[in-house]
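# Coordinate analysis (summary)
Here are the chains, one letter per residue:
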Amino acid sequence: MSISEILFYFLSVMALGSALMVIISRNPVHSVLWLIVTFFAISGHYIMMNAQFLGIVNLIVYAGAIMVLFLFVIMLMNLNAETEPKKNKWLRMAGIVAGGCLLLVLVAALKDAEVRTSAVQLVDGDIGLIKQLGSVLFTDYVVPFEISSVLFLSAMVGAVVIGKKGD
Amino acid sequence: MYFTLLAFDWLFMIEKLVLIVGIVSISLVIAMYETWLERKVAAWMQDRRGPSRAGPIGLLQPLADGLKLFMKEEIIPNTSNRLLFILGPCLAMLAAMMTSAVIPWGGNIDFFGRAVSLQIADINIGILYVFAVVSMGVFGIMIGGWASNNKFSLMAALRGASQAISYELPMGLSLIALLMLTGSLKLSVIVGQQLDGVWNVVYQPLGFLIFLICAFAECNRTPFDLPEAENELNFGYHQEYSSMKLGFYLFAEYINMFISSVIMSTLYFGGYDIPFVNDAALAESIGVNLTAGLQALTLFIKTGGFIFFFMWVRWTIPRFRYDQLMNLGWKKMVPLALANMIITAAVILWLKK
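Residues numbered from 1 in each chain as written. Chains lettered and ligands numbered in written order. Predicted model: local features only at pLDDT ≥ 70, side-chain atom pairs only at ≥ 80, totals over all residues.

### Description of the overall build of chain B
Rule in force here: Only DSSP runs of H or I covering at least 4 residues are called helices, and only runs of E covering at least 2 are called strands; the numbering of each starts at the N terminus. Our radius of gyration looks at C-alpha atoms and nothing else; its globule reference is 2.2 Å times the residue count to the power 0.38. Around each residue's C-beta, the other C-beta atoms within 10 Å are counted; 20 or more make the residue buried, 12 or fewer make it exposed, and counts in between make it partly exposed. All C-beta atoms are placed from the backbone. Once C-beta atoms are placed from the backbone, any two residues with those atoms within 7 Å are in contact.
The helix and strand inventory of chain B stands at 13 helices and two strands. Here chain B has a C-alpha radius of gyration of 21 Å; the compact-globule value for 353 residues is 20 Å, and the two agree. Each of the 353 residues in chain B was classed as buried or not, and the buried ones make up 42%. Within chain B, contacts between residues separated by at least 24 positions form 80% of all contacts whose residues are at least 6 apart in sequence.

### As for the overall build of chain A
Regarding its fold elements, chain A presents six helices and zero strands. Sequence-ordered secondary structure for chain A, helices as α and strands as β, is α-α-α-α-α-α. Counted over contacts in chain A with a minimum sequence separation of 6, partners at least 24 positions apart contribute 61%.

### Quick look at the confidence of the model for chain B
Residue and element names in this part refer to chain B. Selection criterion: Per-residue confidence from the predictor is reported as pLDDT, a score between 0 and 100.
Here chain B averages 84 in pLDDT, and 96% of its residues register 70 or above. Considering each helix and strand of chain B separately, the mean pLDDT is smallest for helix α9 (residues 230-233), with a value of 68, and largest for helix α8 (residues 205-218), with 90. For this predicted complex, the interface confidence reaches an ipTM of 0.81, while the overall pTM sits at 0.85.

### Remarks on the nonpolar core
Applicable threshold: As used here, a nonpolar core is made of buried Ala, Val, Leu, Ile, Met, Phe, Trp, Tyr and Cys residues. They are joined through C-beta atoms within 7 Å.
In this structure, A:Ile56, B:Leu128, B:Ala132, B:Met142, B:Cys214, B:Ile255 and B:Phe258 are the most contacted members of the largest nonpolar core, which totals 103 residues. If we skip the residues at most four places from it in the chain, B:Cys214 touches B:Tyr167, B:Pro170, B:Met171 and B:Met333.

### Topic: unusual backbone geometry
Residue and element names in this part refer to chain B. A positive phi angle, close to 35 degrees, is found at Ile-57, a residue other than glycine. Mapped onto the elements of the fold, Ile-57 is located in the loop between α1 (10-45) and α2 (61-71). For Ser-243, which is not a glycine, the phi torsion comes out positive at approximately 55 degrees. Mapping Ser-243 onto the fold places it in helix α10 (residues 243-268). Given 16 C-beta atoms within 10 Å, Ser-243 falls into the partly exposed group.

### Here we look at the interface of chain B and chain A
Quick note on the threshold: Residues were grouped as follows: Ala, Val, Leu, Ile, Met, Phe, Trp, Tyr, Cys and Pro as nonpolar; Asp, Glu, Lys and Arg as charged; and all remaining residues, including Gly, as polar.
Taken together, the contacts link 21 residues of chain B with 17 residues of chain A. Considering each element in turn, the side of chain B that touches chain A owes the most residues, nine residues, to helix α4 (residues 126-147) of chain B. Here the residues of the side of chain B that touches chain A sort into 18 nonpolar, three polar and no charged.

### Some words on the packing of helix α3 (residues 52-77) of chain A against α4(B)
As a reminder, the rule being used: Here, axes are lines fitted to C-alpha atoms. For helices the fit covers the stretch in contact, and angles between N-to-C directions go from 0 to 180 degrees. To sort the angles, those under 35 degrees are grouped as roughly parallel, those over 145 as roughly antiparallel, those from 65 to 115 as roughly perpendicular, and the leftovers as oblique. A clockwise turn of the near helix away from the far one marks a right-handed crossing, whereas an anticlockwise turn of less than a right angle marks a left-handed crossing.
At a minimum axis separation of 9 Å, α3(A) and α4(B) run at an interaxial angle of 20 degrees. Put simply, α3(A) runs roughly parallel to α4(B). In the packing of α3(A) onto α4(B), the handedness of the crossing is left-handed. Residues A:Ile56, A:Leu59, A:Ile60, A:Gly64, A:Ala65, A:Val68, A:Leu71 and A:Met75 of α3(A) touch α4(B), and the partners they reach there are B:Leu128, B:Tyr129, B:Phe131, B:Ala132, B:Ser135, B:Met136, B:Val138, B:Met142 and B:Trp146. Residue composition of the contact of α3(A) with α4(B), by class: 15 nonpolar, two polar and no charged.

### Quick look at the packing of helix α3 (residues 82-98) of chain B against α4(B)
Residues and elements named next belong to chain B. Put simply, α3 and α4 touch, their axes get as near as 8 Å, and they point 160 degrees apart. Here α3 lies roughly antiparallel to α4, going by the angle between them. In this structure, α3 meets α4 at a crossing whose hand is left-handed. Between α3 and α4, the contacting residues are Leu-84, Phe-85, Leu-87, Gly-88, Pro-89, Leu-91, Ala-92, Ala-95, Ala-96 and Met-98 on the first element and Val-133, Met-136, Gly-137, Phe-139, Gly-140, Ile-141, Ile-143, Gly-144 and Ala-147 on the second. Each residue belonging to the contact of α3 with α4 can be placed in one class, and the counts come to 15 nonpolar, four polar and no charged.

### Thoughts on the environment of A:Tyr46
All names here are of chain A. With respect to the helices, strands and loops of the structure, Tyr-46 is situated in helix α2 (residues 28-48). Given 19 C-beta atoms within a 10 Å radius, Tyr-46 is considered partly exposed. In this structure the C-alpha to C-alpha distance between Tyr-46 and Asn-58, which are twelve residues apart in sequence, comes to 9.2 Å. If sequence neighbours within four positions are ignored, Tyr-46 has contacts with Ala-51, Leu-54, Gly-55 and Asn-58.

### A short note on α2(A)
Residue and element names in this part refer to chain A. Which entries qualify depends on this criterion: Expected helix span is taken as 1.5 Å per residue step, with the number of steps being one fewer than the number of residues.
Taking 1.5 Å of rise per residue, the 21 residues of α2 would be expected to cover 30 Å, and the 30 Å separating its terminal C-alpha atoms lies within 8% of that figure. Along α2, the positions that sit buried rather than exposed are Val-32, Leu-33, Ile-36, Thr-38, Phe-39, Ile-42, Ser-43 and Ile-47. Where α2 is buried, its residues meet α1 (3-24) and α3. Positioned one or two residues after α2, Asn-50 has a phi angle of 60 degrees, which is positive.

So, in structure tokens, the structure goes:
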């Protein structure tokens, strides 16, 4: 096995394992921390494909900013086991059915997906570096890029409006 | 592509390992003596003598402090979350140490015919890596504060995290203006451009000022040391910590101060550029190795200047109130950084025409 193969399996096990732990852990703060580990594993995958910018931005935005906000909310909510409401039995059943349906759809969608033998360019590709990414974003994908920036602006204005309501 | 296991460039591995060990130990020693310097500077400014008992002019004081911290009893509160309680200081320390990986400490040195770069990793995204690691440092504070299961610690941790997030924004924006000038995120390229030309601080005085203020806030130094405001929060997010775990938190702060000083000198003050000297010509006349040594020394002198500035401010300016801190961050720094960015972009476009 080559180094990149070992790294790939290591990161995959880490990503899947920590993603499972997000769901399994009883303590919500632990869940958030496992989610951060998951982001690290995914960033590791990006970096293996030499998409350095994507990998590091994934860390800065998701692990560094959004997860801190998650932690903020969860730490202030005092989610202890005693205060957790008892869940309805029927609600649980409905959850299981809904989750099973999602699994079915995913499996059906992935079953016919074409499996390529060499899908990614490892280590030496330069598609994911900043220069290429920037030029592609501002030439081929400039319209979606600008539209998403408008979306962010409207979200920001909305957040400010909600924040101002208390005054 | 198809290399087998254990068939890497062993010399390369050894070279990097030595470099990593060297840089980590240097930053630890510097952080140690920062605590000594801080007391000496404080004493000097308040017309006292400062530590003077352990060793000549108190030089052994940091060692005595370290010994004291190691010898103290470890107390882990019963109601705390044990695992996270221990993870907190580990994360703070780890994040503080990891930042030094992308900093160029000097030019290449010639080691028996092999050119060795004095930089651990010259990656394409250099400065963004620093940002990613810095944003990880927040978790150390938050986890530690929450796991202590103490209201004061939690309050301080929330303060610290919100402060760090708020000031990361103008820091990033002021950096964008700089990156427009340099056109690269690689720290080695940014320093290389300053070696031949003018230091970036000349082009970006406002950007540097914003970056400096945000660095103060990120390091939780006075006037932004609200997470540790002892008159409101007893002691801050590390109130329940004792022994070396407390030591790690305090130590991480000093390492952060050192690293942010290095980054400020690298980005805005020419990095390892020796002022008024043509580095390439110097390397030809006195040899590559000696030049690299002098360059590293120059970087450390610049860094020392910034560290002194950090301390000077600490013993001069009183602490902000919390609403003042947030107002400064969101209503003054962010618009200022945005204006700086737009002006820089306009000037660059205008000059290119």
